[in-house]
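Breakdown of the fold
Now for the letters of each chain:
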Amino acid sequence: AVTERLARAFAAAGAELYLVGGMVRDLLLERPVPNDLDFATSVPPRRTREIVSALPHAGLYDVGERFGTIGVVLTEGDETFAVEITTYRSEHYEPDSRHPAVAFGARIEDDLARRDVTVNAIAIDVQTGAIVDPFYGQADLAMGLLRAVGDPDARFAEDPLRLLRVARFVAQLGFAVEAETRAAMGRQAERLRTISQERIYAELTKLLCGEYAAHGLDVLLETGLLTVAMPELIPLEGAAHGHPGIHREKDLWDHTKRVVMRAPARPVLRWAALLHDAAKPLTRTVDERGEVHFFGHERVGADLAGRLLKRLKADKQTQQAVRRLVELQLRPAGYDAATWTDSAVRRLALEAGDVLEDLLDLAAADVTSGRAHKQRAAAVRVQGLRDHIARLEAERALAELQSPLDGNELMAMFNRPPGRWIAEIKNHLRELVIDGELAPDDKERAAEIARELVAGGV
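Attention in this report is confined to the structure presented alongside it. (Residues numbered from 1 in each chain as written. Predicted model: local features only at pLDDT ≥ 70, side-chain atom pairs only at ≥ 80, totals over all residues. Heavy atoms only, no water.)

1. What about the overall build of the protein chain?
When helices and strands are counted, the protein chain shows 22 helices and 13 strands. Over its C-alpha atoms the protein chain spans a radius of gyration of 30 Å, topping by over 25% the 23 Å that the globule rule assigns to 458 residues. Considering only C-alpha atoms, the protein chain reaches an extent of 95 × 75 × 35 Å along its principal axes. A total of 458 residues make up the protein chain; the buried ones form 47% of that total. Put simply, 62% of the contacts in the protein chain that link residues at least 6 apart link residues at least 24 apart. For the protein chain, the accessible surface area stands at approximately 22600 Å², while carbon and sulfur atoms represent 51% of it. (Helix = DSSP H or I, 4+ residues; strand = E, 2+ residues; numbered from the N terminus. Rg over C-alpha atoms; globule rule 2.2 N^0.38 Å. Buried < 20%, exposed > 50% of the residue type's maximum accessible area, 1.4 Å probe, protein only. Contact = heavy atoms within 4.5 Å. Areas by Shrake-Rupley, 256 points an atom, 1.4 Å probe, with all protein chains shown as cover.)

2. Focus: the nonpolar core
Counting 102 residues, the largest nonpolar core has L6, V83, L220, M230 and W271 as the members making the most contacts within it. Looking at this core element by element, the count peaks at 9 residues for helix 7 (residues 161-173). Setting aside residues no more than four positions away along its own chain, M230 makes contact with L204, L220, L225, W271, L274, L308 and R311. Membership of the second largest hydrophobic core comes to 15 residues, among which are W421, I425, L429 and I449. (Core = buried A, V, L, I, M, F, W, Y, C linked by side-chain atoms within 4.5 Å.)

3. Digging into the environment of A121
Here A121 lies in the loop between helix 4 (108-112) and strand 8 (123-125). Taking relative accessible area as the criterion, A121 reaches 0% and is therefore assigned buried. A sequence separation of 46 residues divides A121 from A167, and the C-alpha atoms of the two residues are 17 Å apart. Not counting residues within four places of it along the chain, the set of residues in contact with A121 comprises L112, R115, V132, D133, P134, F135 and V149.

4. Quick notes on the pattern of salt bridges
Counted under the stated rule, the structure contains 35 salt bridges. Here E203 makes a salt bridge to R168, at a shortest N to O gap of 2.9 Å. Here E203, found in helix 9 (residues 197-208), pairs with R168, found in helix 7; they are 35 residues apart in sequence, far enough to count as distant. One exposure class covers both E203 and R168, and it is buried. Its salt-bridge partner being R445, residue E448 comes within 3.3 Å of it at the nearest N-O pair. Separated by 3 residues within a single helix, E448 and R445 lie in helix 22 (residues 443-455), roughly one turn from each other. With a relative accessible area of 36%, E448 lands in the partly exposed category. For R445, a relative accessible area of 36% corresponds to the partly exposed category. Each of R266, E357, D358, D361 and R386 takes part in a single network of salt bridges with overlapping partners. (Salt bridge = Lys/Arg side-chain N within 4 Å of Asp/Glu carboxyl O.)

Structure follows, in structure tokens:
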């Protein structure tokens, strides 16, 4: 309905209007689409502003009018849509510059030519429903391919962040990267060093939370982007190769990818899954029996994770949460219902704090053994710890549902010695708390009720 309103308004003004960008791709793939809509139009920004300003309940916001974009918030029923409408434009990059010279164009085809990959270079005419697809993006959608628009080296040289965007699309869509595009990613990987760490972190976070994150991580590794973005992880790949006589060791890169995929797609948890074993190559030792050990890898890994995320300029809350998860990762694995006391479980919950749920999910995801009995035993252990924590929380909640007044307070109020009367009043007050008729900390109201009970003969 929002699209129809915009279509009518721009048609009345004699202007073209096309839906563009990732939303078109997702519509054609029948994937869920967000309420953030991107459009391209034939009229200049000033005229766009005039058209959308006349719409009912339209709230304009600043996006970058000098670059041709007008932002507007529109409501439809209970839904709110953030809409960005950009005048057709073409871009020219000077050598070694990431700041394009922008010129407003006259054709939608010119606008699509500046897009990164063909599946994002499709437009839909909102007035007629016609699809404009000059780079055969629909064919690549059908084949599940990510192909650069035009010359891939030129596209990545223009904006090296596109290198990570392609890997992120792999993680989100499960598509393969077309051969020439993939080769260009390898050739251009070093250009990623010119991108700000904040933008790299944002793309990596989206990649990690993708449905096919493992494939996206492999693209980073195979194109050399991982070496530029997160060199700390390079030792994980093939860490177990060359030691055929050591049976307990496993390919840490493969294991890491599986843990990432098994972990729920919450950013902090996915980052912890990615980094939880990053320090194993640094702490690897082999004893006299040929057994491999990684003593203290969780502590070394916590420091490594903290430094990596700080370099990427992740927010401090994420840095601290991931550090704590990596450092505590082995604690749930040691849980034994027969030997762990309530105090030990409470201590773990206190140390984990607000990352406790993530820690339990990380522990569950960190069991990637191909042996079914090991997976079952690990699942039982983690679930047992969850149940133990839930029981303690329930007991604590029940303990809080007590009379606002204790026996000493009641004896002082009425100047009476201990007796059955105290239990009767406290039980009555506790029932009111359980029923929600009395707040656990409302001593004043509790005192009034207690006086009424004593006056009644208690």
